[in-house]
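# Topology and contacts: notes
In case you want the letters, here they are:
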Amino acid sequence: SDSAVFVLTSTGSAYSLDTTTGAQIWQQKICDVAPADAYSPIATENALIFPANYYGLTGGTTEIVAMHPSDGRILWRYSQGPPYSYPNHSGAGYNQMPAVVEDSVLFT
């Protein structure tokens, strides 16, 4: 099959699965835990863009990670830095689903 579905698990692993067979195409650990509010990426022809969390928090976004859809390699990673009052996570971003507009990635 030439089509795939992409998902990020709560344990921070991104997967590509064949939509016809369900077989795993690739798997890549991209963060400690997935933000509790975002498990699906933004998908373009050349990149998958996931919210991510590298501080072991159960919620909130501390990074944005771009991956290549064909093989799962990380293209780039943008860190927002540690949450303001880590480990209490009051500075982590919440509900951060990036958007792609032309050649730019936007997130708030």
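Data block above holds the structure.
In this text the structure is predicted, and so the values were computed from the model without any measurement.

### So, the overall build of the protein chain
- Check the secondary structure of the protein chain and you find zero helices and nine strands.
- N-terminal to C-terminal, the α/β element order of the protein chain is β-β-β-β-β-β-β-β-β.
- The buried share of the protein chain, taken over its 108 residues, is 37%.
- Sequence-distant contacts in the protein chain: of pairs separated by 6 or more residues, those separated by 24 or more amount to 34%.
- A total accessible area of about 5,900 Å² is found for the protein chain, and carbon and sulfur atoms account for 51% of it.

### Some words on the side chain of Ser13
- Locating Ser13 in the fold gives a position in strand β2 (residues 13–18).
- Polar contacts involving the side chain of Ser13 include one to the side chain of Gln27, which spans 2.9 Å.
- Those residues in contact with Ser13, other than ones at most four positions away along the chain, are Val7, Leu8, Gln27, Gln28 and Lys29.

### A few points about the sheet that holds strand β3 (residues 24–29)
- Spatially, β1-β2-β3 is the arrangement adopted by the three strands of the open sheet, whose pairing is antiparallel. Of all the strands in the sheet, the pair left with one neighbour each is β1 (4–8) and β3. Averaged over all pairs of adjacent strands, the angle between strand axes in this sheet comes to 15°, irrespective of strand direction.
- Here β1 runs beside β2; their pairing, made up of five bridges, is antiparallel. Each bridged residue has a counterpart across the sheet, and for Val7 the counterpart in β2 is Tyr15.

### Describing the environment of Gln28
- Within the secondary structure, Gln28 is located in strand β3.
- Sequence separation between Gln28 and Leu8 is 20 residues, and the spatial gap between their C-alpha atoms is 9.4 Å.
- The contacts of Gln28, once residues within four sequence positions are left out, are Gly12, Ser13, Ala14, Met67, Gly72 and Arg73.
- From its side chain, Gln28 meets the backbone oxygen of Gly72 in a polar contact 3.3 Å long.

### Some words on the nonpolar core
- If you look at the biggest cluster of nonpolar residues, it comprises 12 residues: Phe6, Leu8, Ala14, Trp26, Ile30, Cys31, Ala34, Leu48, Phe50, Ala52, Val65 and Met67.
- Looking at this core, the elements that each hand over two or more residues are β1, β5 (48–52) and β6 (63–67).
- Among the elements that take part in this core, β5 stands out by supplying three residues, more than any other.

### What about the sheet that holds β5?
- Taken in spatial order, the four strands of this open sheet run β4-β5-β6-β7, and their pairing is antiparallel. Across the chains shown, the open sheet's two edge strands, defined by having one partner strand only, are β4 (42–43) and β7 (74–79).
- Across five bridges, β6 lies against β7 in antiparallel orientation. Bridge pairing links Met67 to Ile74 in β7.

Criteria and thresholds
- Counting restarts for each chain: residues are numbered from 1 in the order of the written sequence.
- Note on the predicted model: pLDDT of at least 70 is required for a residue's local features to be given, and 80 or more for side-chain atom pairs to be given and counted; whole-chain, interface and lining totals, by contrast, use all residues.
- Side-chain measures here rest on the full set of heavy atoms in the structure, leaving out hydrogens and waters.
- Segments assigned H or I by DSSP are reported as helices when at least four residues long, segments assigned E as strands when at least two residues long, and all are numbered from the N terminus.
- Here's how the labels work: a residue is buried when its accessible area is under 20% of the maximum for its type, exposed when over 50%, partly exposed in between, all with a 1.4 Å probe on protein chains only.
- The contact definition used throughout considers only heavy atoms, calling two residues in contact when any of these lie within 4.5 Å.
- Areas reported as accessible are Shrake-Rupley estimates using a 1.4 Å probe. Residue values count occlusion only from the protein chains shown.
- In the analysis that follows, any N or O atom pair within 3.5 Å is treated as a polar contact, provided that within protein one partner can donate a hydrogen and the other can accept it, and provided that, for residues neighboring in sequence, both atoms belong to side chains.
- Paired strands, in this sense, are two strands between which DSSP finds at least two bridges.
- Axis geometry follows a simple rule: fit a line to the C-alpha atoms, using only the stretch in contact for helices, then measure angles between N-to-C directions, giving values from 0 to 180 degrees.
- The term nonpolar core refers to a set of buried residues drawn from Ala, Val, Leu, Ile, Met, Phe, Trp, Tyr and Cys, joined through side-chain atoms within 4.5 Å.

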